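# Per-entry structural report
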Amino acid sequence: MIIKMTIHQQTYEILLADNPTAKSFVEQLPLTLIMKELNGNEKFADLPHALPARQIKPGILQEGELMLYGRQTLVLFYEAFQTSYSYTSIGKVIAPENLIRVVGDKNIEVHFSQ
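- Under an unreviewed UniProt entry, the name given to the chain is Cyclophilin-like domain-containing protein, and the organism recorded is Yersinia frederiksenii ATCC 33641.

Written as structure tokens, this is what we have:
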């Protein structure tokens, strides 16, 4: 399944993972979040409701990955980096080109829809 993510009038398609976490995320759509800047490589926000989690340690996170940290924190990675943290996959931006430029280095409003 593919959903849309809009940031500053720029729309990206996200290919969702085939798991209960992604299915539960879709049930919360449409959803607009203020996502906070963290570490120069990610944006995060707490979801209105917790999601089922099945965490793994991905090692390397890629630009455009949409993950769940814990059970209620949505994380969008806009730059690849190595991590020792555990996440549950929700999906991945299909074409993340220019994502780093669009998200910038401040908090942003992000709209997710079907």
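## Side note on the packing of aromatic side chains
- Considering all chains together, one arrives at 5 aromatic pairs under this definition.
- Judged by centre distance (5.5 Å) and plane angle (80°), the rings of Phe25 and Phe112 are edge-to-face. In this pair, Phe25 is assigned in helix α1 (residues 20-26) and Phe112 in strand β10 (residues 108-113), connecting sequence segments 87 residues apart.
- For Phe25, a relative accessible area of 0% puts it in the buried group.
- We classify Phe112 as buried; its relative accessible area is 0%.
- Ring centres 5.6 Å apart and planes at 40° place the aromatic pair Phe77 and Phe81 in the tilted group.
- The class of Phe77 is buried, set by a relative accessible area of 0%.
- On the basis of relative accessibility, which here comes to 22%, the residue Phe81 falls in the partly exposed class.
- By way of ring pairs, the aromatic residues Tyr69, Phe77, Phe81, Tyr85 and Tyr87 are connected into one cluster.

Criteria and thresholds
Position labels on residues start from 1 in each chain and follow its written sequence. Restriction of local features to residues with pLDDT of at least 70 applies here, the model being predicted, together with a cutoff of 80 or more for giving and counting side-chain atom pairs; totals for whole chains, interfaces and linings are based on all residues. With hydrogens and water excluded, all non-hydrogen atoms of the structure serve as input to the side-chain values. Centre distance within 6.5 Å is the pairing criterion for rings of Phe, Tyr and Trp, where only the six-membered ring of Trp is used; planes under 30 degrees apart are then read as stacked, over 60 as edge-to-face, and the remainder as tilted. By definition, any uninterrupted DSSP run of H or I lasting at least four residues is a helix, any uninterrupted run of E lasting at least two residues is a strand, and each is numbered from the N terminus. Only protein chains enter the accessibility calculation, which uses a 1.4 Å probe; a residue whose area is less than 20% of its type maximum is buried, one above 50% is exposed, and one in between is partly exposed.

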